[in-house]
Amino acid sequence: MATRGQDIVSAIKEQIEHFSAPVAVANIGTVIQVGDGIARIYGLENAAYNGLLQFPHGIVGLALNLEEDNVGAVILGDCSQIKEGDEVRATGRVIEVPVGEALIGRVVDPLGRSLDGKGLIKAEKTRPIEKVAPDVTKRGPVDTPVMTGIKAIDSMIPIGRGQRELIIGDRFTGKSAIAIDTIIAQKGQNMICIYVAIGQRTSKVAQVIATLEKYGAMEYTIVVEAGASDPAPLQYIAPYAGCAMGEEFMEQGKDALIIYDDLYKHAWAYRQLSLLLRRPPGREAYPGDIFYLHSRLLERAAKLAPEYGSGSLTALPIIETQLGDISAYIPTNVISITDGQIYLEPDLFNAGIRPAINVGLSVSRVGGSAQRKAMRQIAGRLRLELAQFRELEAFAKFGGEELDKATREQLERGRRITEVLKQLQYLPMSLGKQVSILYVVTNGYLDDVPVEKVIAWEENLHRFMETNHPEIENRINTEYEIKAEIEEILRAAIAEFKQGK
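Residues numbered from 1 in each chain as written. Predicted model: local features only at pLDDT ≥ 70, side-chain atom pairs only at ≥ 80, totals over all residues. Heavy atoms only, no water.

(A) The arrangement of the overall build of the protein chain in detail. Per the secondary structure count, the protein chain includes 15 helices and 17 strands. On the principal axes, the C-alpha backbone points of the protein chain span a range of 125 × 50 × 40 Å. Residues counted as buried form 53% of the 501 residues belonging to the protein chain. Taking as baseline every contact in the protein chain between residues at least 6 positions apart, the subset at least 24 positions apart corresponds to 74%. (Helix = DSSP H or I, 4+ residues; strand = E, 2+ residues; numbered from the N terminus. Buried < 20%, exposed > 50% of the residue type's maximum accessible area, 1.4 Å probe, protein only. Contact = heavy atoms within 4.5 Å.)

Listed below in structure tokens is the structure:
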């Protein structure tokens, strides 16, 4: 009996000697203040900037202010469930989103969670939403166009793959319409599109998604939505999350197009967060790093060099102006970061000139080198004639009937060019069709057609070409050039059409 007791004692002693409790080190803090989507946390000594924090009830937050005695964090979820005294853990990770093919055709929030009711997204990979932009040595020249299908843009303000082209204008001037038309035009172009809706009405986003589905564009599009009713922190991270999704495709050697709709609301969301975090306000109450907010986002758009896969990420940020003031703080910031802008004017829009592009204030600083040769052959002349027309039109208001014949002819040509550049929404045109009609108007074939009949004349011409001479459009689409033999066939076809009329 004693022996058995001794065995038990020795067994217990052995267990005590070899006992080693695993030590888990956790960086834990306590909520000392919460409200308006902001939490102040005491005790997170090793928290990192932009680090992911775990709150109770599965809610996550983002550490943005690292102060001496507390951490200021924004809550990416329902802050009403968090109370003073709650335990907060630093995860040791930065905020990440799922990326890859599994997202194509889906509508997600800025954390990559499904919003379309089609079930969980089974992505195999995640990426941090923030990343340093590719440096100069990794970038290649912008030499391939992004065809928007819009005559006025492809001819005079061309966009190249890897470019950042700003779309700017007042409310209801057709900014989102240009972006959506560009997405629709990418069908069959091996381009993956990402539409980031920041602070938009849910009804507007639903309308955009319905339009993309109607035209078959959701097959190659990802929609990232942070609506007007979503917390400001989600609106703040939305463009970075969309950019991370696009970068994944770019690094795989693919081409991606991302639209930020719009960055003015993004700046508002960041200003709200900054003021709640008690950061010092600057001009118009924006924090001092508001320029860096957008520069670190837009610089991530690039065309990679061949040794890095030749992928590209093209950015089309949208900025809404107030009463046409493009010299305001946020618009000038973004204009200085981007490679050009497409300025939409309310007066042109109200006059029925749609898309309402002001050619004088719009510019592309890169796209000309990426423009197809066929378009380049006619576009330079087109822009010059339109600019001269705008100047003469202003002068002619005072000249009345005293204008000479050459000036009157130039005015009439300009009016016809303006009519040709009008285009209905959701009807992007191929390169061949655009080149054909622009060739017609710049070479004077429309001079004898009444201005009010130009649009109908153009529709009839396209129908005639499709039926009788489809080889013209096909050859321009594949050869990207107006060769002498194609020009002869085009002239003969136009003459044949005019005789038939």
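Following the structure, the description resumes.
(B) Examining the nonpolar core more closely. One finds Leu212 and Ile342 to be the most contacted residues of the largest nonpolar core, which totals 71 residues. Counting residues per element, this core draws most heavily on helix α10 (residues 373-399), at nine residues. Excluding its chain neighbours within four sequence positions, the residues that come into contact with Ile342 are Ile153, Ile157, Ile159, Glu165, Leu166, Ile167, Ile168, Ile178, Ile357 and Ser362. One finds Val99, Leu166, Ala267 and Ala302 within the second-largest nonpolar core, a separate group that totals 64 residues. (Core = buried A, V, L, I, M, F, W, Y, C linked by side-chain atoms within 4.5 Å.)

(C) How the structure looks around the packing of aromatic side chains. Evaluation of the coordinates by the stated rule reveals eight aromatic pairs. Ring plane angle 70° and centroid distance 5.8 Å describe the contact between Tyr236 and Tyr240, whose orientation is recorded as edge-to-face. Of this pair, Tyr236 and Tyr240 are both found in helix α5 (residues 232-251), four residues apart, which corresponds to roughly one turn of the helix. The buried category is assigned to Tyr236, whose relative accessible area is 1%. Seen in terms of ring centroids, Tyr236 and Tyr270 are 5.3 Å apart; in terms of plane orientation they differ by 25°. Their pairing is stacked. (Phe/Tyr/Trp six-rings, centres within 6.5 Å; stacked < 30°, edge-to-face > 60°.)

(D) The sheet that holds strand β2 (residues 38-42), seen in detail. The antiparallel closed barrel is built from six strands, whose spatial order is β1-β2-β5-β4-β3-β6. This sheet shows a mean twist of 45° between the axes of neighbouring strands, independent of strand direction. Inspection of the sheet shows strand β1 (residues 28-35) paired to β2 by five bridges, in the antiparallel sense. Within β2, the position partnered with Gln33 by the bridge is Arg40. (Pairing = 2+ DSSP bridges. Axes fitted to C-alpha atoms, helices over the stretch in contact; angles between N-to-C directions.)

(E) Representation of the pattern of salt bridges within the structure. This model, assessed by the stated rule, comprises 35 salt bridges. The partner of Arg127 in a salt bridge is Glu248, and the shortest N-O contact between them spans 3.0 Å. Linking Arg127 in strand β9 (residues 125-128) with Glu248 in helix α5, this pair joins segments that are 121 residues apart in sequence. Of the two residues examined, Arg127 and Glu248, each falls in the buried class. In this structure, Glu247 engages Arg300 in a salt bridge whose closest nitrogen and oxygen atoms are separated by 2.9 Å. Placement of Glu247 in helix α5 and of Arg300 in the loop between α7 (290-298) and β14 (302-303) is noted, with a sequence separation of 53 residues between them. A relative accessible area of 1% places Glu247 in the buried class. Counted as one network, the salt bridges with shared partners bring together Lys125, Arg127, Lys131, Glu247, Glu248, Glu251 and Arg300. (Salt bridge = Lys/Arg side-chain N within 4 Å of Asp/Glu carboxyl O.)

(F) Summary view of empty space enclosed by the protein. One pass over the full model with this rule turns up three cavities of 30 Å³ or more. By volume, the largest cavity amounts to about 80 Å³. Among the elements of the structure, α2 (151-156) and α10 are those that each provide at least two residues to the lining of the largest cavity. Among the residues making up the lining of the largest cavity, the classes are represented as eight nonpolar, one polar and two charged. (1 Å grid on protein atoms, 1.4 Å probe; cavity = no way out; pocket = protein on both sides within 12 Å on 5 of 7 lines; lining within 4 Å. Points joined across faces, edges and corners; volume = space filled by probe spheres on them. Nonpolar A, V, L, I, M, F, W, Y, C, P; charged D, E, K, R; others polar.)

(G) The state of the cysteines, seen in detail. Within this structure, the stated rule accounts for zero disulfides. Counting only cysteine sulfurs, Cys243 is the nearest neighbor of Cys193, a cysteine outside any disulfide, at a range of 15 Å. Relative accessible area serves as the criterion here: at 1%, Cys243 is assigned to the buried category. (Disulfide = S-S within 2.5 Å.)

(H) Seen up close, α7. In terms of burial, α7 is a largely internal element, seven of the nine residues being buried. Among the residues of α7, Ile290, Leu293, His294, Ser295, Arg296, Leu297 and Leu298 are the ones counted as buried. Structurally, α7 contributes buried residues whose contacts are with α5, β13 (255-261), α6 (263-276), β15 (312-320) and α8 (329-337).

(I) Fine view of helix α3 (residues 175-185). Within α3, eleven of the eleven residues are buried, which leaves the element mostly enclosed by the surrounding structure. Regarding α3, the residues found buried are Lys175, Ser176, Ala177, Ile178, Ala179, Ile180, Asp181, Thr182, Ile183, Ile184 and Ala185.

(J) Summary view of the pairing of β2. Most of β2 sits inside the fold, with four of its five residues counted as buried. Connecting β1 to the next strand, β2, in antiparallel fashion are two residues, including Asp36 with a positive phi near 55°.

(K) Geometry of the pairing of strand β3 (residues 51-54). Bridge count for β3 against strand β6 (residues 87-94) is three bridges, and the pairing is antiparallel. Opposite Gly51, over in β6, you have Val94 as the bridge partner. As judged from the three bridges shared by β3 and strand β4 (residues 60-66), these two strands associate in the antiparallel manner. The partner of Leu53 across the bridge, within β4, is Gly61. A loop of five residues connects β3 with β4, the two strands running antiparallel in sequence, and His57 in this loop sits at a positive phi of about 65°.

(L) Here's a closer look at the packing of α5 against α6. Closest axis-to-axis distance for the α5/α6 pair is 8 Å, and the angle between their directions is 130°. Comparing their axes, α6 and α5 come out oblique. In the packing of α5 onto α6, the handedness of the crossing is left-handed. Listed contacts from α6 to Ala232, Pro233, Gln235, Tyr236, Pro239 and Tyr240 of α5 are Lys265, His266, Ala269, Tyr270, Gln272 and Leu273. (Parallel < 35°, antiparallel > 145°, perpendicular 65-115°, else oblique. Left-handed = near helix turned anticlockwise from the far one by under 90°.)

(M) Region of the structure containing the packing of α7 against α8. For the pair α7 and α8, the least separation of the axes is 10 Å and the interaxial angle reads 35°. The chirality of how α7 crosses α8 is right-handed. Between α7, through Ile290, Phe291, His294, Ser295 and Leu298, and α8, the contact on the second element is made entirely by Tyr329, Ile330, Asn333, Val334, Ser336 and Ile337. Class assignment for the residues of the contact of α7 with α8 results in seven nonpolar, four polar and no charged.

Any functional reading would require information that these geometric values do not contain.
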